[in-house]
Amino acid sequence: MSTDESPGQEQVSAVFAALADPTRRRVVETLLRDGTTSVPALTETLPITRQAVAKHVAILDDAGLVERVPGGVGREVRYRLREEALVPAATWMAQADRAWAGRLARLKDVVEGRTGG
């Protein structure tokens, strides 16, 4: 695989890198469950500091997975999942799945002696 990535591949890489961390996956799970959340709210539920939570949210934001929601109380900033943010990664996974299934089918044919090879 080349180290040069197209813009779409860069997005896929950013999403996978962001979701590789279990704390960030918990943030995403919270957003899936609650719709919106804030750094203070996450700090109450995660065993890490407010600064660490803010860094995790910033990484999710940089990866295009979350966005700020207008209308927080006072200076509170709320976040939600960005619509269709997972589409590029899901598309990549579906393509990889089809390729993998094709390879396994060809291997099965060879093992079972259905093709010359």
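Provided above is the structure to which this section pertains.
Quick look at the side chain of H56 now. Within the secondary structure layout, H56 lies in helix α4 (residues 50-62). Here the side chain of H56 touches R24 through a polar contact of 3.1 Å, side chain to side chain. If we skip the residues at most four places from it in the chain, H56 touches D21, T23, R24 and I48.

Bringing unusual backbone geometry into the picture now. A positive phi is found at E84, a non-glycine position, where the angle reads about 60°. Along the chain, E84 turns up in the loop between β3 (78-81) and α5 (87-111). When its relative accessible area of 61% is taken as the criterion, E84 is described as exposed.

As a further point, take the nonpolar core. Within the largest apolar cluster, 17 residues are counted, with the highest numbers of intra-cluster contacts made by V27, L42, V53, V57, L60 and L65. Of all the secondary structure elements, the ones that give two or more residues to this core are α1 (7-19), α2 (22-34), α3 (39-45) and α4. Residues in contact with L42, not counting those within four places in the same chain, are V27, T30, T37, V53 and V57.

Here the focus is α5. Taking 1.5 Å per residue, 25 residues should reach 36 Å; α5 reaches 36 Å between its end C-alpha atoms and fits that length. Backbone geometry just after α5 places G113 at a positive phi near 75°.

Quick notes on the rules
Residues numbered from 1 in each chain as written. Predicted model: local features only at pLDDT ≥ 70, side-chain atom pairs only at ≥ 80, totals over all residues. Heavy atoms only, no water. Helix = DSSP H or I, 4+ residues; strand = E, 2+ residues; numbered from the N terminus. Polar contact = N/O pair within 3.5 Å; in protein donor to acceptor, adjacent residues only side chain to side chain. Contact = heavy atoms within 4.5 Å. Buried < 20%, exposed > 50% of the residue type's maximum accessible area, 1.4 Å probe, protein only. Core = buried A, V, L, I, M, F, W, Y, C linked by side-chain atoms within 4.5 Å. Expected span 1.5 Å × (residues − 1).

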